[in-house]
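Residues per chain, in single letters:
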Amino acid sequence: MTPNPPDAPAALPSAPPDVADDRGAPRFGTYAGELGRVELGRLSGRFQPPVPLRPLRRKRWHYAFVATNEVALACAVVDLGYAANAFVVALDLGAERPIVDLSMLGLPGLLARVNDRPAEGAEARFRTRGARLSIERAEGSRAYRLRGAIGSTGSSPSLHWDVELSTDRRGPALTVVAPVDGGRVNVTQKHAGLGARGLLVAGARTYRLDRGVGGLDYTQGYLAYRTAWRWAFACGRLEDGTPFGFNLVEGFNAAAGVSENALWLGDRMTPLGPARFRFRRDALLEPWQLATDDGALDLHFRPLWVHREARDLKVIESRFAQPLGLFEGRARAFGRALTLRALPGVTEDQAMRW
């Protein structure tokens, strides 16, 4: 599916009640709205891996990002089936320096968990010695709650946060059920442009997030052993105060009728065309250039810090880099030509054997 021009947004169908239809086939497509539950067990035939491989092929994560003009916070809990990890990065945007950058490893189960609910009832938790974090949304609630605490380590101060991201009066979630080359099925739900309130406390300094904007990425799927992508995600406000956000990916979740590229403006969301990323993999702190084929976005990204994770266990290997920084550029949506200045967000370059 190629989205309509951004001045005439496509009307996406509503998210289905289940990932699979009555025959066990995936409901491939791009949708507006939230899924109640991601039940991969409902898939059948060639879309379901052999029983012994299911725990190894299924990957789940819940990621959250929130920012103001002063600070940006990114955190995630990841369940790989045979292992779990989490990370937290806080960046002082004024000083252009990291406050905390921490990665943690663990085992799925009691201390690390990502459940099957991307919306109401969502629960992602990670706990280890000296650190904990969670992303949750109660049944019947329209808000996600991000909480965490990290003890001081070396030159990094202690950090704790308690933030609410509200979906009320915001654009709908984007839900995608996508085929996977070399895998089976992937399901992702993205929220962006959500209203934030709460606190981030770093040592003796308190950052108020009450005028902040945030978003979330919930993903679960039977992914390929070798998986790679480029990703960009941003949340902030236009000069007139309107909440704004976008999600772009290249090399993943893309097929006929399927794309997770989208833009949020106030209480509206629209799909976008394919995205192109230009950057230097050996110099990730140099500027990035990003654009969509439909002309909706033409962006320059200035990284301020790079969160990195690299592991080589021979059979399992990860190369994960997520720069945090500021976007500048032009956007066109809903009949408006928009200028983006100092929009907080992230890019990502990832290649996995998992």
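Coordinates for the structure precede this section.
Residues numbered from 1 in each chain as written. Predicted model: local features only at pLDDT ≥ 70, side-chain atom pairs only at ≥ 80, totals over all residues. Heavy atoms only, no water.

Novice: How would you summarise the overall build of the protein chain if you had to cite specific residues and measurements?
Specialist: In terms of regular secondary structure, the protein chain is built from 1 helix and 23 strands. In summary, the protein chain has a C-alpha radius of gyration of 19 Å against a globular reference of 20 Å for 354 residues, a match within 12%. The principal-axis extents of the C-alpha atoms in the protein chain amount to approximately 55 × 50 × 45 Å. Within the protein chain, the proportion of its 354 residues that are buried is 57%. Here the protein chain has roughly 14,600 Å² of accessible surface; of this, 49% comes from carbon and sulfur atoms. (Helix = DSSP H or I, 4+ residues; strand = E, 2+ residues; numbered from the N terminus. Rg over C-alpha atoms; globule rule 2.2 N^0.38 Å. Buried < 20%, exposed > 50% of the residue type's maximum accessible area, 1.4 Å probe, protein only. Areas by Shrake-Rupley, 256 points an atom, 1.4 Å probe, with all protein chains shown as cover.)

Novice: Could you give an account of the side chain of Ser134, naming the residues involved and the relevant values?
Specialist: Inspection of the secondary structure assignment puts Ser134 in strand S8 (residues 131–136). Those residues in contact with Ser134 that sit more than four places away from it in its chain are Ala124, Arg125, Arg145, Leu146 and Arg147. (Contact = heavy atoms within 4.5 Å.)

Novice: Describe the environment of Gly33, and please don't skip the residues or the numbers.
Specialist: Mapping Gly33 onto the fold places it in the loop between strand S1 (29–32) and helix H1 (54–57). Residues Gly33 and Val176 lie 143 residues apart in sequence; the distance between their C-alpha atoms is 10.0 Å. Excluding its chain neighbours within four sequence positions, the residues that come into contact with Gly33 are Ala15, Pro172, Ala173, Thr175 and Gln189.

Novice: Tell me what's going on with the pairing of strand S14 (residues 213–222), and back it up with residues and numbers.
Specialist: By the criterion of burial, S14 is predominantly enclosed, with 10 of the 10 residues buried. On S14, burial covers both faces: Val213, Gly215, Asp217, Thr219 and Gly221 on one face and Gly214, Leu216, Tyr218, Gln220 and Tyr222 on the other are all buried. As defined by bridge partners, strand S2 (residues 58–67) adjoins S14 across 10 bridges and the pair is classed as antiparallel. Within S14, the residue paired with Phe65 across the bridge is Gly215. Summarising the sheet, strand S12 (residues 185–202) and S14 pair through 8 bridges and their orientation is antiparallel. What sits directly across from Val187, in S14, is Gln220. (Pairing = 2+ DSSP bridges.)

Novice: Break down the packing of aromatic side chains for me, citing the residues and quoting the values.
Specialist: Per the counting criterion, the structure on display carries 14 aromatic pairs. Taking 4.5 Å as the distance between ring centres and 40° as the angle between the ring planes, the aromatic pair formed by Phe301 and Phe327 counts as tilted. With Phe301 in strand S21 (residues 297–312) and Phe327 in strand S22 (residues 317–333), the pair connects residues that are 26 residues apart, well separated along the chain. Residues Phe301 and Phe327 agree in their burial class; the two are buried. (Phe/Tyr/Trp six-rings, centres within 6.5 Å; stacked < 30°, edge-to-face > 60°.)

Novice: Tell me what's going on with unusual backbone geometry, and back it up with residues and numbers.
Specialist: Its identity is not glycine, yet Phe334 carries a phi of approximately 55°, on the positive side. Inspection of the secondary structure assignment puts Phe334 in the loop between S22 and strand S23 (336–353). For Phe334, a relative accessible area of 16% corresponds to the buried category. One non-glycine residue with positive phi stands out, namely Ala342, at about 50°. One can find Ala342 in strand S23.

Novice: Residues and numbers for the sheet that holds strand S19 (residues 275–278), please.
Specialist: Pairing is antiparallel across the open sheet formed by 9 strands, whose spatial order is S18-S17-S16-S15-S23-S22-S21-S20-S19. Edge positions in the open sheet fall to strand S18 (268–271) and S19, since each of these has one partner strand only. If you compare each strand with its neighbour and ignore which way they point, the axes differ by 20° on average. Here S21 runs beside S22; their pairing, made up of 15 bridges, is antiparallel. Paired with Glu309 across the strands is Phe320, a residue of S22. (Axes fitted to C-alpha atoms, helices over the stretch in contact; angles between N-to-C directions.)

Novice: Talk me through the environment of Glu39; I want residue IDs and the actual numbers.
Specialist: Note that Glu39 resides in the loop between S1 and H1. Put simply, Glu39 and Gly245 are 206 residues apart on the chain and 28 Å apart in space, counted from C-alpha to C-alpha.

Novice: Explain the pattern of salt bridges to me, using residue names and the numbers behind them.
Specialist: In total, this model carries 29 salt bridges according to the counting rule given. Among the ionic pairs, Arg117 bridges to Glu139, the shortest N-O distance being 3.8 Å. With Arg117 in the loop between strand S6 (112–114) and strand S7 (123–128) and Glu139 in the loop between S8 and strand S9 (143–150), this pair connects stretches of sequence that are 22 residues apart. With relative accessibility at 52%, the residue Glu139 sits in the exposed group. Note that Arg125 and Glu136 form a salt bridge whose closest N and O atoms lie 2.6 Å from each other. Here Glu136 lies in strand S8 and Arg125 lies in strand S7, a separation of 11 residues in the sequence. What you see here is one network of salt bridges that share partners, running through Arg113, Glu123, Arg125, Glu136 and Arg147. (Salt bridge = Lys/Arg side-chain N within 4 Å of Asp/Glu carboxyl O.)

Novice: So what about the pairing of S21? Which residues, and what values?
Specialist: Pairing of strand S20 (residues 288–292) with S21 involves 4 bridges; the strand directions are antiparallel. Looking at the pairing, Gln289 lines up with His300 of S21. The antiparallel pairing of S20 with S21 creates a hairpin that spans 4 residues between the two strands, and Gly295 there sits at a positive phi of about 80°.

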